[in-house]
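Listed here are the chains, written in short residue letters.
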Amino acid sequence: MAYTSTAEAYTALKAVPREILEARTENIKNEVRSNPSFDLNGAKFELEAIKQIMNEQPIVTNVAPMLTAAETRTQGDPKAEYRSAFDTFVQGRTFTADEQSAFDHMRETRADAGFNTTDNTAAIPTVMLDEVIAKARKQHAILGLVRNFSMPSYIDVPIGADEGNAVWHQQGQGIDSKVVGTSGVHFKSNEIVSIRSVSKSVDTLAIDALESYVTDLMSQDVMEAIAKAVVVGTGDGQPEGILTGIEWEEGTNMVTTDALGWRDVAVALGLLEGGYSTGAVIACSNKTFWQWVVTLHDDNDRPVWTASTQEGAPSHVLGKPVYVDDFVPDGTILVGAFDYYGVNIVPDSMALEVSRDSSFKNNLIDYKFPGIVDGKVLVPEAFAKLVIED
């Protein structure tokens, strides 16, 4: 059921058991990742209601205690077993029988998908990759706004156009069917690689600390490169960014000014087609934000920028959220519905290769993070930009 408000979803779901709510939350997340035409607004209302209901429900206390990564080795959970195997692999220790089985299954899965399956390569566990992506979304604002896919490369993904199909009907008259407009996006197979030389002392880290360390490395290198490509990627061997993947034309989807005023922002928002302005946000660099956006005033000298009253929430200009991302060039302001840009991380492509060849002479371990990633603008009409010329 598609909900039109959080209150409606709350009323419908308040009597649902906690375990069903948790399962529904996971289903929604999977739908958002894999279904381009999924109703994001309805899902948002439902997730907000589920969160509120679960906060109100008492937590059952007779459940098993949370286990560390080491303790999950004997629990029989395939995901936990592989995560434990991954930790053992990174530290160069000997696998248990369960870990060896989980590691061999990973290698078979990667081999079936055409990826590297050498003894010094392991796929990043799903839980750890989710943590990497979640951390990167907090560090890079636009990366947290775009739509994420997890699909094989070279597949055409249909994206539904934002247009209605209802018509007024008079009794006795025929009704012509209408072909629903879609736009397709073709994700390519771009390889991203990061190599880090780290101290051999990481082999002595506790498992939780090791996982955190690997997560930090991936966030700093791989996800930062992806976040930059979302904005300014060339499309040649890397994702095509918003600024480079759209044909910009003055008066159609671009506004140019030599002195930013509130009307310029309003005109840029007005260039968005269809219903894309409803969920539109504003994105700019930190310098642009403080030098131009914060100082905006209307004709009566009242501030147009409104500070957020909630910690971590964005401020607003003309009612639209403002996000700061320094991959947006200074002097450029992007407006649009950023969930009409898609990032595709090919399943099982994100991996870690470990080499200890440097350890004898330099006491170092080489980490290599390869992955297959692409990104594209799904609907160009969902974006506009404002350029401030010096």
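Residues numbered from 1 in each chain as written. Predicted model: local features only at pLDDT ≥ 70, side-chain atom pairs only at ≥ 80, totals over all residues. Heavy atoms only, no water.

(A) Spotlight on the overall build of the chain. Of regular secondary structure, the chain possesses 11 helices and 15 strands. Burial analysis of the chain (390 residues in total) assigns 43% to the buried set. Across the chain, contacts joining residues at least 24 apart in sequence account for 73% of those joining residues at least 6 apart. Just so you have it, the chain exposes about 20900 Å², and 51% of that area is on carbon and sulfur atoms. (Helix = DSSP H or I, 4+ residues; strand = E, 2+ residues; numbered from the N terminus. Buried < 20%, exposed > 50% of the residue type's maximum accessible area, 1.4 Å probe, protein only. Contact = heavy atoms within 4.5 Å. Areas by Shrake-Rupley, 256 points an atom, 1.4 Å probe, with all protein chains shown as cover.)

(B) Spotlight on the confidence of the model for the chain. Across the chain, the average pLDDT comes to 82, with 83% of residues at 70 or higher. Taken as a whole, residues 60-75 scores under 50 in pLDDT and shows 18 contacts with residues more than four places along the chain or in a different chain. (pLDDT = per-residue confidence, 0-100.)

(C) The arrangement of the environment of Arg-107 in detail. Here Arg-107 shows up in helix H5 (residues 97-112). Judged by relative accessible area, Arg-107 falls into the partly exposed class, the value being 26%. With 10 residues separating them in the primary sequence, Arg-107 and Thr-117 have C-alpha atoms 5.5 Å apart. Excluding anything up to four places from it in sequence, Arg-107 contacts Thr-117, Thr-118 and Asp-119.

(D) Seen up close, the packing of aromatic side chains. Considering all chains together, one arrives at 9 aromatic pairs under this definition. A ring pair is formed by Tyr-367 and Phe-369, whose centres lie 6.4 Å apart and whose planes are at 80°; its orientation type is edge-to-face. Among the aromatic residues, those joined into a cluster by ring pairs are Phe-86, Phe-89, Phe-95 and Phe-103. In this arrangement the basic side chain of Arg-147 is found over the ring face of Tyr-340, its NZ or CZ atom lying 5.5 Å from the centre. (Phe/Tyr/Trp six-rings, centres within 6.5 Å; stacked < 30°, edge-to-face > 60°. Lys NZ or Arg CZ within 6 Å of the ring centre and 35° of its normal.)

(E) Fine view of the pattern of salt bridges. This structure, assessed with the given rule, holds 9 salt bridges. One salt bridge in this structure joins Arg-196 and Asp-221, with 2.9 Å as the shortest N-O distance. Residue Arg-196 is found in strand S5 (residues 190-199), and its partner Asp-221 is found in helix H7 (residues 207-232); the two are separated by 25 residues along the sequence. A residue is classified by how much of its surface remains accessible, and Asp-221, at 19% relative accessible area, is buried. Close ionic contact of Asp-298 with Arg-302 constitutes a salt bridge, the shortest N to O distance being 2.9 Å. Each of Arg-83, Glu-131 and Glu-211 takes part in one network of salt bridges that share partners. (Salt bridge = Lys/Arg side-chain N within 4 Å of Asp/Glu carboxyl O.)

(F) Spatial organisation of the sheet that holds strand S10 (residues 320-324). Here we have 7 strands laid out as an open sheet, ordered S6-S15-S11-S7-S10-S9-S8, and mixed in their pairing. Of all the strands in the sheet, just strand S6 (254-257) and strand S8 (305-306) have a single pairing partner and so form its edges. Sitting on the sheet, helix H10 (residues 286-293) touches strand S7 (281-284), S8, strand S9 (315-317), S10, strand S11 (332-336) and strand S15 (383-388), and the angle it makes with S7 is about 110°. (Pairing = 2+ DSSP bridges. Axes fitted to C-alpha atoms, helices over the stretch in contact; angles between N-to-C directions.)

(G) Fine view of a negative patch on the surface. A contiguous patch of negative charge, built from Glu-250, Asp-258, Glu-389 and Asp-390, is present on the exposed surface. Topologically, Glu-389 is positioned in the segment after S15. Owing to a relative accessible area of 45%, Glu-389 belongs among the partly exposed residues under this scheme. (Patch = residues over 30% accessible without salt bridge, like charges linked within 9 Å, V, L, I, M, F, W, Y side chains within 5 Å. Lys, Arg positive; Asp, Glu negative; His and termini not counted. Charge placed at Lys NZ, Arg CZ, Asp CG, Glu CD.)

(H) Structural detail: empty space enclosed by the protein. Scanning all chains against the criterion turns up 1 cavity of 30 Å³ or more. The wall of the largest cavity is formed by Val-265, Ile-282, Val-293, Leu-296, Val-317, Val-322 and Ile-333. Tallied by class, residues from the lining of the largest cavity come to 7 nonpolar, no polar and no charged. (1 Å grid on protein atoms, 1.4 Å probe; cavity = no way out; pocket = protein on both sides within 12 Å on 5 of 7 lines; lining within 4 Å. Points joined across faces, edges and corners; volume = space filled by probe spheres on them. Nonpolar A, V, L, I, M, F, W, Y, C, P; charged D, E, K, R; others polar.)

(I) Broad picture of the nonpolar core. By size, the foremost hydrophobic cluster in this structure holds 67 residues, and its most contacted members are Tyr-82, Ile-226, Ile-242, Phe-338, Met-350, Tyr-367 and Phe-383. The element contributing the most residues to this core is H7, with 10 residues. Those residues in contact with Met-350 that sit more than four places away from it in its chain are Ala-123, Ile-124, Leu-129, Met-218, Val-222, Ile-226, Ile-345, Pro-370, Gly-371 and Val-373. Counting 22 residues, the second largest nonpolar core, distinct from the first, contains Ala-268, Leu-271, Val-317 and Ala-384. (Core = buried A, V, L, I, M, F, W, Y, C linked by side-chain atoms within 4.5 Å.)

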